[in-house]
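# Overview (structure and organization)
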Amino acid sequence: MITYEGIDFKKQIDYNGNNNMRKDIQAKLKGKPELLSISQVAEIFNIHPDTLRNWGKEGILVPLRAGKRGDRKYRPQDIQAIVDKMGSKLTLPQLEQFLWKSADILRGKIDSSDYKKYIFGLLFYKRISDVWDEEYKRVMEEYKDETIARADYNHRFQVPQDCRWSAIEEQAENIGPKLNGIFDKLTNTNSPKLDKIFDDLDFAHKDKFPNETTQRLINHFSQYNFGDTYINSDLLGDAYEYLIKQFAADAGKKGGEFYTPREVERVIIQILNPHKKDHIYDPTVGSGGFLLEAYHHLKEKEGEKVARTLYLYGQEINIGTFAIAKINMFLHGLDAADIQRGDTLANPQFLNPNGTLKTFDICVANPPYSISDWESEMFKERYGRLEGYELPPKSNADYAFVLHIIKSMNSNGRAGIVLPHGVLFRGGAEGRIREQILKHDLIEAVIALPSKLFYGTGIPAAILIFNKNKPEGHKNRVFIIDAEKDFSEDKNQNSLRVQDIQKIVKAYDNYKDVEGYARVVDLKEIKENEYNLNVRRYIENSDKEEDIDVSSVHKELIALEKERGEIDKKVVGYLKDLGYGND
């Protein structure tokens, strides 16, 4: 054992010159002595002391041994070895915690439903700036040529010199206007790729963003390098998804406008089962969860190379949510995903050269429920979405989204749509549209979901699966699943468990009756029910009634009757004592 005596524990080391070290680690090391104990190092790097001991056994670290007990003492070179091993990288929980803390800086200053877009915008800006620096450094090391290193073709995004993150770090005053100017320049330099991404951000609003608040945000994001070397796209994408979910929960009712629970998306994607080179379309794309779920599903099954053959399309009416979806795709490395902004019902963006609607292999959607203010006249006049169907009522757009999706399915197209239960049984124009869809034999399955799965509403929803090319055994039939009772009950919101998802998908794949849960229903029976698809009409899923022992109940009744007779006698006696007689 090597021992080291006479150590000057007061000598301090300046780590600030280490560009490869995370800035939060630098801050923790500031003012620390040259030699650190194992507990100090474990705390600085947020790892268990046993990890450091194991790295010592593996020869990754060779700390000094000091004193009679041979205690481990870590020198600057040992700290650098740890940085090389893991110090420059963040774990997913660390990244999630860091990003959520950025929201704390804005909490109370602007509405919680709004500050998500500012956090997302800054995160994306930091990411593309750090990636540009990384790309520049890599090319310079290889070619030693400034012109080549700055050339557009060597960069995923173009970040001019005065738009780098370092430029905003050095800004002491008027940070908000400076940020706005940077966003404008980034948009113009990367048009059309970054069009509208930063349009809904205004850091120059002094009441919402006083200089010191913006400075705190900049300082917060400056702690970490968000380049690919430090945070890969999968990790950053997962953290971004976590942040979207947290913001949805924090925003309450408004959270449902941009976030669909991933478990619900998983059910639909596993049922539709995307394949290589499929074209997948979400007309109400929100934050892009359905498209990402399709990508992750195929990646898990057949690998990333196959998953990247998917063609992903989405449209979103809300500009802030549109930006979230675009950033979500970029952070996951899905730059080719085509996300457009606009009102899908009034002005769909995905058109063929001849002006007709594009069609897709798979359509998915969780449209806004029962909106009463929609462009029914424009919907009526354009793109042939009413061919064979009645116009949905002006007071409710649920079936307008359904008809748009039906028109957007190709001849072999399939679709999964999340809708309120009312679409299953409401009458009037909606009832007639439902009848027309069923007569066209387009509905393959109806899946009733538990209540309280979605942010902002406690009402239960249903999944409708459509298929323009049903297998022979599915024709003129609808498979109905009642999954209302299978969920994890939480305080504010319920959720589907892994076993609940598997149960639904397995039942769908088997396409067989399951007592009290699933049933294949012939269209003839549905016609007899006046084309009503209310799940309760076809599946009895009530709790099993308790068996009643009639003999025991009869004996109890006799005993109660006898007891009542005795009580009546006592009451009559009390009345006599009070002088009321026998009247």
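Cut-offs and rules
Residues numbered from 1 in each chain as written. Predicted model: local features only at pLDDT ≥ 70, side-chain atom pairs only at ≥ 80, totals over all residues. Heavy atoms only, no water. Helix = DSSP H or I, 4+ residues; strand = E, 2+ residues; numbered from the N terminus. Buried < 20%, exposed > 50% of the residue type's maximum accessible area, 1.4 Å probe, protein only. Contact = heavy atoms within 4.5 Å. Axes fitted to C-alpha atoms, helices over the stretch in contact; angles between N-to-C directions. Parallel < 35°, antiparallel > 145°, perpendicular 65-115°, else oblique. Left-handed = near helix turned anticlockwise from the far one by under 90°. Nonpolar A, V, L, I, M, F, W, Y, C, P; charged D, E, K, R; others polar. pLDDT = per-residue confidence, 0-100. Salt bridge = Lys/Arg side-chain N within 4 Å of Asp/Glu carboxyl O. Polar contact = N/O pair within 3.5 Å; in protein donor to acceptor, adjacent residues only side chain to side chain.

### Here we look at the side chain of Thr214
Looking at where Thr214 falls in the secondary structure, it is placed in helix H10 (residues 211–221). Overall, Thr214 belongs to the buried group, its relative accessible area being 1%. Not counting residues up to four positions away in its chain, the partners in contact with Thr214 are Ile175, Leu179, Phe203 and Phe209.

### A short note on the packing of helix H6 (residues 115–143) against helix H9 (residues 175–189)
Between H6 and H9, whose axes approach to 12 Å, the crossing angle comes to 60 degrees. Comparing their axes, H9 and H6 come out oblique. Here the hand of the crossing between H6 and H9 comes out left-handed. Along its contact with H6, which presents Leu122, Tyr125 and Ile128, the element H9 presents Leu179, Ile182, Phe183 and Leu186. Residue composition of the contact of H6 with H9, grouped by class: 7 nonpolar, no polar and no charged.

### Regarding the confidence of the model for the chain
Averaged over every residue, the pLDDT of the chain is 88; the share at 70 or more is 89%. Every residue in residues 1–10 scores below 50 in pLDDT, and together they form 14 contacts with partners more than four places removed in sequence or on other chains.

### Examining the pattern of salt bridges
Applying the stated criterion across every chain yields a total of 27 salt bridges. In this structure, the salt-bridge partner of Lys126 is Asp130, at a minimum N-O distance of 2.5 Å. Residue Lys126 and its partner Asp130 are located together in helix H6, separated by 4 residues, close to a single helical turn. For Lys126, a relative accessible area of 3% translates into the label buried.

### Details of the environment of Lys32
Turning to its location among the elements, Lys32 is positioned in the loop between helix H1 (23–29) and helix H2 (38–45). In this structure Lys32 comes out as partly exposed when scored by relative accessible area, which is 26%. A distance of 3.3 Å separates the side chain of Lys32 from the backbone oxygen of Lys28, its partner in a polar contact.

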